[in-house]
Amino acid sequence: GTVFKGSPFRVFHPQYSVSKRRSVSSHRKKTVLISLGGGSDKGFSKKLIDEILRRFKEIRVLFIQGPAQEKIKLSRNINGHSLTVLGPQASLAPWLRRSSVAMTAGGGTLYDLAHLGVPGIAVAKKEHQKRNIQFFAREGTVLYAGDSLSRESARKAASLLEHLIDNKRKYKAMARAGRRLVDGGGTHRVIHIIEQMLPLLYERKLRKGLRGDKIQS
């Protein structure tokens, strides 16, 4: 049978409604969201936060801390920086809308970033995430920071952030590329496909039932 997959068929929670997408000019806020999922990141988040706070004079970091990740001290201000540590969230949508850039792994969050027009910097936590990040990088919605949770990848991610967050042209290009790639219409497309398939399924079931009646008679 036909398989419907990819960004056109991504189904989003109502919190990711197209009407709630923010302006692409949000790069001025210099707010970075870090969310690497709930599993262990081998201390990578801490390395990444250290690199960011060391390189920037003034920046706000929002860190979504997963239950299996190395614990980081509670929200605090450091040399003019703001670090807010949050626990697991039911949805990233409210935090993504407050962010200039998101630093994530290579899972489904990349679709969310693209749809909301939030440029991303991604690192592959697992082997299967590489292809996913490579696809979004080719489409111009994320920058690829590395294939491992190493200090080197943390440095590269922070360096990419330096390049992106003050580059208005690059920032807007990535935000617009994401919105073109993932328009948020997946739910309507899936419903339309189901509506088209229902009569065929009903007819098939009816024919099967009629054949069964003939056999019984």
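Rules of the game
- Residues numbered from 1 in each chain as written.
- Predicted model: local features only at pLDDT ≥ 70, side-chain atom pairs only at ≥ 80, totals over all residues.
- Heavy atoms only, no water.
- Helix = DSSP H or I, 4+ residues; strand = E, 2+ residues; numbered from the N terminus.
- Buried < 20%, exposed > 50% of the residue type's maximum accessible area, 1.4 Å probe, protein only.
- Contact = heavy atoms within 4.5 Å.
- Areas by Shrake-Rupley, 256 points an atom, 1.4 Å probe, with all protein chains shown as cover.
- Salt bridge = Lys/Arg side-chain N within 4 Å of Asp/Glu carboxyl O.
- Axes fitted to C-alpha atoms, helices over the stretch in contact; angles between N-to-C directions.
- Parallel < 35°, antiparallel > 145°, perpendicular 65-115°, else oblique.
- Left-handed = near helix turned anticlockwise from the far one by under 90°.
- Nonpolar A, V, L, I, M, F, W, Y, C, P; charged D, E, K, R; others polar.
- Phe/Tyr/Trp six-rings, centres within 6.5 Å; stacked < 30°, edge-to-face > 60°.

A. Representation of the overall build of the protein chain. When its secondary structure is counted, the protein chain shows seven helices and seven strands. Written out in order from the N terminus, the α and β elements of the protein chain read β-α-β-β-β-α-β-α-β-α-β-α-α-α. Out of the 217 residues belonging to the protein chain, those deemed buried represent 43%. Intrachain contacts of the protein chain at a sequence separation of at least 6 include 66% that bridge at least 24 residues. Total accessible area on the protein chain stands at roughly 12200 Å², and carbon and sulfur atoms take up 52% of it.

B. Looking closely at the pattern of salt bridges. Using the criterion set out here, one finds eight salt bridges in the structure. Across the pair Lys-46 and Asp-50 runs a salt bridge, and its minimum N-O distance is 3.3 Å. Here Lys-46 pairs with Asp-50, and both are found in helix H1 (residues 44-55), just four residues apart, close to one helical turn. Where Glu-162 meets Arg-55, a salt bridge forms, and the shortest distance between an N and an O atom there is 2.8 Å. With Glu-162 in helix H5 (residues 151-165) and Arg-55 in helix H1, this pair connects stretches of sequence that are 107 residues apart. Since its relative accessible area comes to 34%, Glu-162 is described here as partly exposed. Here Arg-55 falls in the partly exposed class, since its relative accessible area comes to 25%.

C. Quick look at the packing of H1 against H5. Between H1 and H5, whose axes approach to 9 Å, the crossing angle comes to 40 degrees. Judged by the inter-axis angle, H1 sits oblique to H5. Like other packed secondary-structure pairs, H1 and H5 cross with a definite hand, here right-handed. Between H1 and H5, the contacting residues are Phe-44, Lys-47, Leu-48, Glu-51, Ile-52 and Arg-55 on the first element and Arg-151, Ser-153, Ala-154, Arg-155, Ala-157, Ala-158, Ser-159, Leu-161 and Glu-162 on the second. The residue makeup of the contact of H1 with H5, split by class, is seven nonpolar, two polar and six charged.

D. Structural view of unusual backbone geometry. Although it is not a glycine, Lys-42 sits at a positive phi angle of roughly 55 degrees. Mapped onto the elements, Lys-42 comes out in the loop between strand E1 (31-35) and H1.

E. Representation of the packing of aromatic side chains. Counted by the stated rule, this structure contains two aromatic pairs. Ring geometry for Tyr-111 and Phe-136: centres 5.0 Å apart, planes at 85 degrees, overall edge-to-face. In this pair, Tyr-111 is assigned in helix H3 (residues 109-116) and Phe-136 in helix H4 (residues 129-138), connecting sequence segments 25 residues apart. For Phe-136, a relative accessible area of 0% translates into the label buried. With a centroid separation of 5.2 Å and an interplanar angle of 85 degrees, the aromatic rings of Phe-135 and Phe-136 are classed as edge-to-face. Residue classification places Phe-135 among the partly exposed residues on the basis of a relative accessible area of 29%. Joined through ring pairs, the aromatic side chains of Tyr-111, Phe-135 and Phe-136 make up one cluster.

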